[in-house]
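Take a look at the letters that make up each chain.
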Amino acid sequence: MSPIDQAFARTKNQKRAAFIPYLTAGDPNLECTEELLGALVDAGADLIELGVPFSDPIADGPVNQRAATRALAGGATLSGILDLVSRNRDRLGIPIVLFTYFNPLFVCGLGRFAEQASSSGVDGVLCVDLPPHEAAEEYTQALRDRGVDTIFLLAPTSDRYRVREVAAASTGFVYYVSRTGVTGATGELPKELVREAKKLRRRLEQPLAVGFGISTPEQAGAVSKVADGVVVGSALVRTVEEMGDDPELVKRLEGQARQLAEALGR
Amino acid sequence: MTENPEVQERPGYFGPYGGRYVPETLMAPIAELESAYDKQRRKRKFRRRFEYLLEHYAGRPTPLYFAERLTAELGGARIYLKREDLLHTGAHKINNAIGQVLLAEVMGKERVIAETGAGQHGVATATAAALLGRSCTIYMGTEDMVRQRLNVERMRLLGAEVVGVDSGSRTLKDAINEALRDWVTNVRNTHYVLGSVLGPDPYPRMVRDFQRVIGEETKKQLRKQAGRAWPDVAIACVGGGSNSLGLFSAFLDDERVRLIGVEAGGTGSELGRHAARFKGGTLGVLHGTKTLVLQDEEGQVAGTHSVSAGLDYPAIGPEHVSLRDSGRAEYTSVGDDEAIEAFHLLARTEGILPALESAHAIAEAARRAPALMPETVLVINLSGRGDKDVESVLAYDEQRE
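### Examining the overall build of chain A
Reasoning step 1: For chain A, the count of helices and strands is 12 helices and 9 strands.
Reasoning step 2: In terms of principal-axis extent, the alpha carbons of chain A reach across some 45 × 40 × 35 Å.
Reasoning step 3: Taking as baseline every contact in chain A between residues at least 6 positions apart, the subset at least 24 positions apart corresponds to 73%.
Reasoning step 4: A distance of 8 Å separates the average location of the 29 positive side-chain charges in chain A from that of its 35 negative side-chain charges.

Structure (structure tokens):
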């Protein structure tokens, strides 16, 4: 069992959904990210999604786009982020999943990336613009051979053939995009979400985490009834943006994350 | 890079380039588009409607014009201009826009969106949307909105909503990012009319096919005018690469024809000062396709520069990279200065203001023609007209004085 499998097994035992907060690595700089990750763990995170900033984030809304711009301006690089994971993985004690676009991995070299991700202690990789049919051995097999889970996404537009393909390629968990659209809060979650998530959960062997557009404890609580994990991203990233270099940031983020964790029955 | 050069031809790939690297939400509409396109392109009804609109609405065939005074001035090859600038809306972009908006109609998508750099593709899409009764939103970088102001007003007058994109370099690349975000969000009722031979499969081959008429007409016209159905040299500018592939694709099997693509050399060879992917690009994945990309060592996409908004883009259509690898086409670049000079040259000798994009192709022809024999036939794809660039050229000239 991988650390991600174990994390979901534990939350399942506790009859609750896993809390999976997201932050963009290096926003506003890597030292700050290091502190913020600690705060997320203290607040009750079960897994962490760590965003690798990219210049052209087509799946992200304005909040995460601006975070990526700040991170890149602050000098964040893939190798710097892997170093950060390497320094902190044991201290944090919970699985870390990289949330990334394909190009930085491709340019690094997929074999080399798999090697470095694994030795840094990355537990899973979720590549938002890489469908399984383009991933093949170079990516999926290379990561799995080194014990890193490969997480793929499903969306409201995915038909049953796609569900089958994504299920076959995913380990750790499957990430369900709650609605058609980019990351970020948009008020209401779609009515079909409950039905879709229930249906998918019956079909999948892996745990199902739901993300995109979940920003409040109420929404997180509602989604947790039909999912094995709930991802909250932009709402936390917004706090990082709004607080800037305010010394209260770590405390504020921890408080916000705790409310979300509690809404999931932590 | 661990890319195996012996990769088998996969569907959606040109050699090792191309593919379909998109978020899961877009996999369904892209599959829908692929099946609609593959079905419709074989249907007589669709083909006839497309051809009818190209002829009676857009103004095809466009003339192939023997540029006698330009030929005399350069003193070498016989230069012919394929006059795509005379099409309705002023550039080759209308060929593809009509094709794709017709497909949107067949697929029952009541809304179309597009990105635009120089504004020509935006104007063409807004036009086709008005013609075929679709609502239309165009994304355009705010820097491009300044330098192509006339086209912004044209799109608005045609009933399109023009959304300025203020992120990144505020040019074509960022407009595509924003169009993709719109598509992910409104995927069920919206078709994305991508304007070049870029993006995820099937766009590169579909856009090429809709533009292929340029080369096919050239063939027929040369037979009549030059006594043979092929040129010795065919030259076209390459931003994403749709006007060039439109011309080249009709001659790919004819090794007698030298195919030359011209990229934007901008103001220098450092990253950020040009858009010459074959000079400074490395293999990457941008906007859904694996191709040459101007980027840093971390895989972050670089800024680009060209006086021509339509060539100012960090990636190139994947089929071009494959044509370069096989040696079937060759690629070169022309800088801002030389392109502006070529703009004036064509205006002075032939009374034609070319688009700054097309001026890059004219500049390359001006370099080569003098060294060629007088019986050599050289075709330049004059992909667009220059009205939109008048302000840019005036500002450039003023600055240089």
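There's more to say after this.
### With respect to the interface of chain B and chain A
Reasoning step 1: Each partner contributes to the interface: chain B provides 38 residues, whereas chain A provides 37 residues.
Reasoning step 2: Both faces considered, chain B and chain A share a buried interface measuring about 3000 Å² in area, 53% of it formed by carbon and sulfur atoms.
Reasoning step 3: At the surface where chain B touches chain A, the tally comes to 3 salt bridges.
Reasoning step 4: Note that E134 of chain A and R10 of chain B form a salt bridge whose closest N and O atoms lie 3.7 Å from each other.
Reasoning step 5: Remark: the boundary between chain B and chain A carries 20 residue pairs in polar contact (both at pLDDT 80 or more).
Reasoning step 6: Among the secondary structure elements, those contributing two or more residues to the side of chain B that touches chain A are α1 (24-40), α8 (172-185) and β11 (282-286) of chain B.
Reasoning step 7: The element best represented in the side of chain B that touches chain A is α8 of chain B, accounting for 8 residues.
Reasoning step 8: Taken together, the residues that form the side of chain B that touches chain A break down as 14 nonpolar, 11 polar and 13 charged.

### Let's talk about the packing of aromatic side chains
Each aromatic ring pair is characterised by the separation of its centres together with the angle its planes make.
Reasoning step 1: By the definition in use, this model includes 15 aromatic pairs over all chains.
Reasoning step 2: Relative to F152 of chain A, the ring of Y139 of chain A lies with its centre 6.3 Å away and its plane at 65°, an arrangement referred to as edge-to-face. In this pair, Y139 of chain A sits in helix α7 (residues 132-145) while F152 of chain A sits in the loop between β5 (149-151) and β6 (153-154), placing the two residues 13 residues apart along the sequence. The pair Y139 of chain A / F152 of chain A is uniform in exposure class, with both members buried.
Reasoning step 3: Seen from their ring centres, Y175 of chain A and F212 of chain A are 6.0 Å apart, and the 80° between their planes marks the pair as edge-to-face. In this pair, Y175 of chain A sits in strand β7 (residues 174-177) while F212 of chain A sits in the loop between β8 (208-211) and α10 (217-224), placing the two residues 37 residues apart along the sequence. The same class applies to Y175 of chain A and to F212 of chain A, which are both buried.
Reasoning step 4: Grouped by ring-pair contacts, the aromatic residues Y22, F99, Y175 and F212 of chain A constitute a single cluster.
Reasoning step 5: Just above the ring of Y13 of chain B sits the side chain of R10 of chain B; from NZ or CZ to the centre is 4.2 Å.
Reasoning step 6: The lysine or arginine in question, R78 of chain B, covers the ring of F66 of chain B, its NZ or CZ lying 4.1 Å from the ring centre.

### Observations concerning the sheet that holds strand β4 (residues 124-127) of chain A
Residues and elements named next belong to chain A.
Reasoning step 1: Strand order in the open sheet formed by 9 strands is β5-β4-β3-β2-β1-β9-β8-β7-β6, with parallel pairing between adjacent strands. Among the strands making up the open sheet, the edge pair consists of β5 and β6.
Reasoning step 2: Pairing analysis gives 3 bridges linking strand β1 (residues 18-24) to strand β2 (residues 48-51), with the strands arranged parallel. Bridging across to β2, L23 finds its partner in L50.
Reasoning step 3: The strands that helix α4 (residues 78-92) touches are β2 and β3 (96-100); relative to β3, the one it contacts most, it runs at about 155°.

### Looking at the sheet that holds strand β8 (residues 190-192) of chain B
All names here are of chain B.
Reasoning step 1: Pairing within the open sheet is parallel, and its 4 strands lie in the order β7-β6-β5-β8. Both edges of this open sheet fall to β7 (161-165) and β8, since each of them pairs with a single strand only. Adjacent strand axes in the sheet meet at a mean angle of 25°, parallel and antiparallel pairs treated alike.
Reasoning step 2: Looking at chain direction, strand β6 (residues 135-141) and β7 are connected through 5 bridges and run parallel. Across the sheet, M140 pairs through a bridge with G164, a residue of β7.
Reasoning step 3: With respect to the sheet, helix α4 (residues 93-107) is in contact with β5 (111-116) and β8, its orientation differing from that of β8 by roughly 155°.
Reasoning step 4: Contacting β5, β6, β7 and β8, α8 crosses the sheet at an angle of about 160° to β5.

### Let's talk about the confidence of the model for chain B
Residues and elements named next belong to chain B.
Reasoning step 1: Model confidence for chain B is summarised by a mean pLDDT of 96, while 98% of its residues fall at 70 or above.
Reasoning step 2: Taken as a whole, residues 1-7 scores under 50 in pLDDT and shows 9 contacts with residues more than four places along the chain or in a different chain.
Reasoning step 3: Interface confidence for the predicted complex, expressed as ipTM, amounts to 0.96; the pTM equals 0.96.

### Brief notes about the pairing of β4 of chain A
Residues and elements named next belong to chain A.
Reasoning step 1: Going residue by residue along β4, you find G124 and L126 tucked away on one face and V125 and C127 tucked away on the opposite face as well.
Reasoning step 2: Two strands pair when backbone bridges link them, and β3 and β4 are joined in this way by 4 bridges, in the parallel orientation. Its bridge partner lying in β4, V97 is registered against G124.
Reasoning step 3: Summarising the sheet, β4 and β5 pair through 3 bridges and their orientation is parallel. Among the inter-strand pairings, G124 is bridged to a residue of β5, identified as D149.

About the cut-offs
Residues numbered from 1 in each chain as written. Chains lettered and ligands numbered in written order. Predicted model: local features only at pLDDT ≥ 70, side-chain atom pairs only at ≥ 80, totals over all residues. Heavy atoms only, no water. Helix = DSSP H or I, 4+ residues; strand = E, 2+ residues; numbered from the N terminus. Contact = heavy atoms within 4.5 Å. Lys, Arg positive; Asp, Glu negative; His and termini not counted. Charge placed at Lys NZ, Arg CZ, Asp CG, Glu CD. Buried area = accessible area lost by both parts, 1.4 Å probe. Salt bridge = Lys/Arg side-chain N within 4 Å of Asp/Glu carboxyl O. Polar contact = N/O pair within 3.5 Å; in protein donor to acceptor, adjacent residues only side chain to side chain. Nonpolar A, V, L, I, M, F, W, Y, C, P; charged D, E, K, R; others polar. Phe/Tyr/Trp six-rings, centres within 6.5 Å; stacked < 30°, edge-to-face > 60°. Buried < 20%, exposed > 50% of the residue type's maximum accessible area, 1.4 Å probe, protein only. Lys NZ or Arg CZ within 6 Å of the ring centre and 35° of its normal. Pairing = 2+ DSSP bridges. Axes fitted to C-alpha atoms, helices over the stretch in contact; angles between N-to-C directions. pLDDT = per-residue confidence, 0-100.

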